[in-house]
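Take a look at the letters that make up each chain.
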Amino acid sequence: MEEKQGVVVAVIKHVKGKLPLGVLLFISYLGFSQAGQQTYTTRVLEAAEIDLLFSYYDQDGQNAAVTGGEGTEELTDATSSIVVKVPMNANDVLTVDVGISAYTSASSSNVNPLDGNANDPVSPFIASSGASRKDQLAYFKPSYQHSSSDRNTLWTANAYVSNEYDYFSIGFGAGYTRLFNERNTELGISAQVYLDKWNSQYPIELRGVFFDDRITGNGTYNPQFTEFQDETRNSYSISLSFSQILGKRWQGALFADIVSQNGLLSTPFQRVYFGDVEDFFIDDFQLADDVERLPDSRFKLPIGGRLNYYLNDVVVLRGYYRYYMDNWGIHGHTASLEAPIKLSDKFTLYPSYRYYTQTAADYFFSKEGAVSTLEFYTSDYDLSAYDANQYGMGIRYKDIFANTKLFSFGLKTIDLRVNQYDRSDGLSAFIVTLGTTFVGN
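Residues numbered from 1 in each chain as written. Predicted model: local features only at pLDDT ≥ 70, side-chain atom pairs only at ≥ 80, totals over all residues. Heavy atoms only, no water.

### Topic: the overall build of the chain
Across its full length, the chain carries 2 helices and 24 strands. A compact globule built from 441 residues should have a C-alpha radius of gyration of about 22 Å, and the chain, at 24 Å, falls within 12% of that. For the C-alpha atoms alone, the extent of the chain along its principal axes is close to 85 × 45 × 35 Å. Burial status across the chain gives 49% buried among its 441 residues. (Helix = DSSP H or I, 4+ residues; strand = E, 2+ residues; numbered from the N terminus. Rg over C-alpha atoms; globule rule 2.2 N^0.38 Å. Buried < 20%, exposed > 50% of the residue type's maximum accessible area, 1.4 Å probe, protein only.)

Listed below in structure tokens is the structure:
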């Protein structure tokens, strides 16, 4: 789950047990600087800045959770967002982040595989042509940052709201950062709360009384299905960070997150097929025995660190490692390396590699691997055991004097990154991200 979220965060940033998606992949690092005595206070942000961001995500695979762990995972997602940073005074900055993500998903179209053309074949490996194959997610995230006059203390506060056809989320958070030891050392703590609400969309065959004269199988299709009573999902997290300049060439950081979730942690439209129940079909499409059932609480603990090494004026090495565990039985390891290569004052290349591996959740079963007497079960391969490799290349253009103009704003940077993601269960994805930053005069 964490890895998908990591990819979908690399493309879209969510995910949240899902896509991740999307989408998504600027590998960040902490920068540090020493400062001598100041004779005056500089502004935190000299002028307004505008970031225009776009990402495109394309994936395919054969283990769709919507169709019980077997079926097409084809999906495309395009995300656009605008981030505006406005200096309110010398010490305060207001940031507003607004975005929209539009996707087309073959797997989610099969929540209702019968809503397409009546003559279309019905199969988990063929997308329905109905309206359920498309959706949009829109979000709004304002934040406020206050720095002390000596620039050694930083307070932040933020809010968040997003909406899509079956999910609504609202969140808020705050953070505190303290620099000391002549700004060679930094400590930070932040907290975030998300209060979410499902509008449950169940597989079509589990909605009320279902009948279709094309159903085949032994006996009568009559699944023992009950709807979820609680459709809320609440998430609480505390993040801790410590960073330190270790020498002229070395910079390091340690961090930990404590995450607690409760409520409806299952995805209502993801089917499960039992091994001890008769199979029923419409054409090649198997009808659900139930939807996934997962515990109503989850505890997550990721712990990691970064280590940056200044090799020379041309190359910097940025290393990253994270260990992840949760009380659902997943243990994961992430390791990555990025090596920015400065080609000139204006151009920098960003080759990168990322490796991830995880164990399976206690409740994961492949198709028909679970039995109807179990309390919890899922066939979502994001909760299975797998390895993943991600290869990336990026290029940054920096307009030192901001000569190129957009209205009264000068171009500061352009970032273009391309990533290929491959998972051992057959899922593969291609991600492109483009970002531009403009600064006001």
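### Quick word on the side chain of Asp196
Summarising the element assignment, Asp196 is placed in strand 7 (residues 185-198). Judged by its relative accessible area of 6%, Asp196 falls in the buried class. Only 2.8 Å separates the side chain of Asp196 from the side chain of Tyr167, close enough to count as a polar contact. (Polar contact = N/O pair within 3.5 Å; in protein donor to acceptor, adjacent residues only side chain to side chain.)

### Considerations on the pattern of salt bridges
Opposite charge on two side chains permits them to pair, given that their charged atoms come into close proximity. Counted under the stated rule, the structure contains 12 salt bridges. Across the salt bridge formed by Glu338 and Arg318, the nearest N and O atoms sit 2.9 Å from each other. Of this pair, Glu338 sits in strand 17 (residues 331-338) while Arg318 sits in strand 16 (residues 316-326), placing them 20 residues apart in sequence. Like Glu338, the residue Arg318 is buried in the burial classification. In this structure, Asp382 and Arg423 form a salt bridge, with 2.9 Å as the shortest nitrogen-oxygen distance. Of this pair, Asp382 sits in the loop between strand 20 (352-358) and strand 21 (386-398) while Arg423 sits in strand 23 (residues 409-423), and the two are 41 residues apart along the sequence. Assigned by exposure class, Asp382 and Arg423 land together as buried. (Salt bridge = Lys/Arg side-chain N within 4 Å of Asp/Glu carboxyl O.)

Interpretation note: all reported values are geometric properties and have no functional meaning in isolation.
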